[in-house]
Amino acid sequence: MEEVQYLDWNNSIQTLNKAYDAGLFVLIIGPKGTGKTSLVRDFAKSKETNLESINFSLRTRESHLVGTKTLTDGTVSFDEGLLIKSMREGSILYLDEINSAEADVLLRLDEALDDRRQIVLKEATGEIVKAKKEWFVVATINPLTHSGTKELPPQLLSRFPVRIRLEYPPEKIELEIVKKHVSGEHDSEIIQAIKLANTLRQAAAVEELFYSPSLRETIAFAKLLDGGMSPKEAANFVFGNVYTQWGDIEYQKVSDIITSMFGN
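Residues numbered from 1 in each chain as written. Predicted model: local features only at pLDDT ≥ 70, side-chain atom pairs only at ≥ 80, totals over all residues. Heavy atoms only, no water.

Going by the annotation in an unreviewed UniProt entry, the name recorded for the chain is ATPase, with Nitrosopumilus piranensis given as the source organism.

Written as structure tokens, this is what we have:
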């Protein structure tokens, strides 16, 4: 997704550059859909270096980081994981939603992130893999109100001494972002959709709702308008129907908000 360069974005890029030059790992904090991944991709592109990405979940295992043994035609080999690969190459390693990982995975990751920047490859030869000097790590976390997230252990949190807070952009900037993807003929309706999204985001932030819409959803709303759908229908499909998974009461709350903003 192409981003408009608003102030928070520019400041974040500058901070990433300074941290990179100082060899300090970075943690980006913010809700889903604020462009954390796009920010990291843009930064890696500006550095003209490879970007290795790991998206963490409850299913992420140590083998995804370090690697695993394989048997091919009777020969045992070891396929190195993205953590080891990035350390050897000196590339940028992106750890997305790191606070969704299990404790054993975080413990193994912590081994590589301390000041020595090395890890013992106990799964294979026992080799000590030392990261190249230019190796750089950026991690992201979602707020604890998001399902599946947990607090990072203080020891691991200290591995990321530079922390960037990335929020949803102001309404005017979000409108500019959305308009880069559509015809630009529905400004007033898109502004209403952004106000709706912000209302739902604020409700999710205080746990009145279970879900917070992202920038992708305001863009999707505008694209449906370009396709001839009415604003009320587009709002229901993009913003409303997702809440049915949490029951009729949750859905009705959001449906009432949509009706109040877009009419019957």
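Next comes the rest of the write-up.
Regarding its fold elements, the chain presents eleven helices and nine strands. Here the chain, with 264 residues, has 45% of them falling under the buried criterion. Contacts in the chain between residues far apart in sequence, at least 24 positions, make up 71% of those at least 6 positions apart. If you sum the accessible surface of the chain, you get close to 13500 Å²; carbon and sulfur atoms cover 49% of it. (Helix = DSSP H or I, 4+ residues; strand = E, 2+ residues; numbered from the N terminus. Buried < 20%, exposed > 50% of the residue type's maximum accessible area, 1.4 Å probe, protein only. Contact = heavy atoms within 4.5 Å. Areas by Shrake-Rupley, 256 points an atom, 1.4 Å probe, with all protein chains shown as cover.)

To continue, consider the pattern of salt bridges. Tallying each qualifying case throughout the model produces twelve salt bridges. For the salt bridge of Glu62 with Arg108, the shortest nitrogen-to-oxygen distance reads 3.5 Å. Placement of the pair is Glu62 in helix H3 (residues 62–65) and Arg108 in helix H5 (residues 103–113), with a sequence separation of 46 residues. Residue class for Glu62 comes out partly exposed when judged on its relative accessible area of 25%. The exposure class of Arg108 is buried, given its relative accessible area of 4%. Taken together, the shared-partner salt bridges in this structure form one network comprising Glu62, Arg108 and Glu111. (Salt bridge = Lys/Arg side-chain N within 4 Å of Asp/Glu carboxyl O.)

If you walk across this open sheet you meet the five strands as E2-E5-E8-E1-E9, and the pairing is parallel. Strands with a single pairing partner mark the edges of an open sheet, and in this sheet they are strand E2 (51–55) and strand E9 (162–165). This sheet shows a mean twist of 20° between the axes of neighbouring strands, independent of strand direction. Here five bridges tie E2 to strand E5 (residues 92–96), and the two strands are oriented parallel to one another. When the sheet's bridge partners are listed, Ile54 is paired in E5 with Leu95. Of the strands in this sheet, strand E1 (26–29), E2, E5 and strand E8 (136–141) are in contact with helix H2 (residues 36–47), which crosses E5 at around 180°. (Pairing = 2+ DSSP bridges. Axes fitted to C-alpha atoms, helices over the stretch in contact; angles between N-to-C directions.)

Leu95, Ile98, Trp135 and Phe160 are the most contacted members of the largest nonpolar core, which totals 46 residues. Listed by contribution, the elements that provide at least two residues to this core are helix H1 (7–22), E1, H2, helix H4 (82–89), E5, H5, E8 and E9. Setting aside residues up to four positions removed in sequence, Leu95 forms contacts with Ile54, Phe56, Leu109, Val137, Val138, Ala139, Thr140 and Phe160. By size, the runner-up hydrophobic cluster in this structure holds 16 residues, among which are Leu196, Ala203, Phe239 and Tyr243. (Core = buried A, V, L, I, M, F, W, Y, C linked by side-chain atoms within 4.5 Å.)

Here we take up the packing of aromatic side chains. Going through the model one piece at a time under the given rule, you end up with twelve aromatic pairs. Pairing Phe25 with Phe136 gives two aromatic rings, centres 6.4 Å apart and planes at 70°, and the pair type is edge-to-face. Here Phe136 lies in strand E8 and Phe25 lies in the loop between H1 and E1, a separation of 111 residues in the sequence. Of the two residues examined, Phe25 and Phe136, each falls in the buried class. Where Phe43 meets Phe136, the ring centres are 5.8 Å apart and the plane angle is 55°; that geometry is what we call tilted. (Phe/Tyr/Trp six-rings, centres within 6.5 Å; stacked < 30°, edge-to-face > 60°.)

Although it is not a glycine, Glu48 sits at a positive phi angle of roughly 55°. In this structure, Glu48 sits in the loop between H2 and E2. Of note, the phi angle at Arg117 is positive, near 55°, even though the residue is not glycine. Topologically, Arg117 is positioned in the loop between H5 and strand E6 (118–120).

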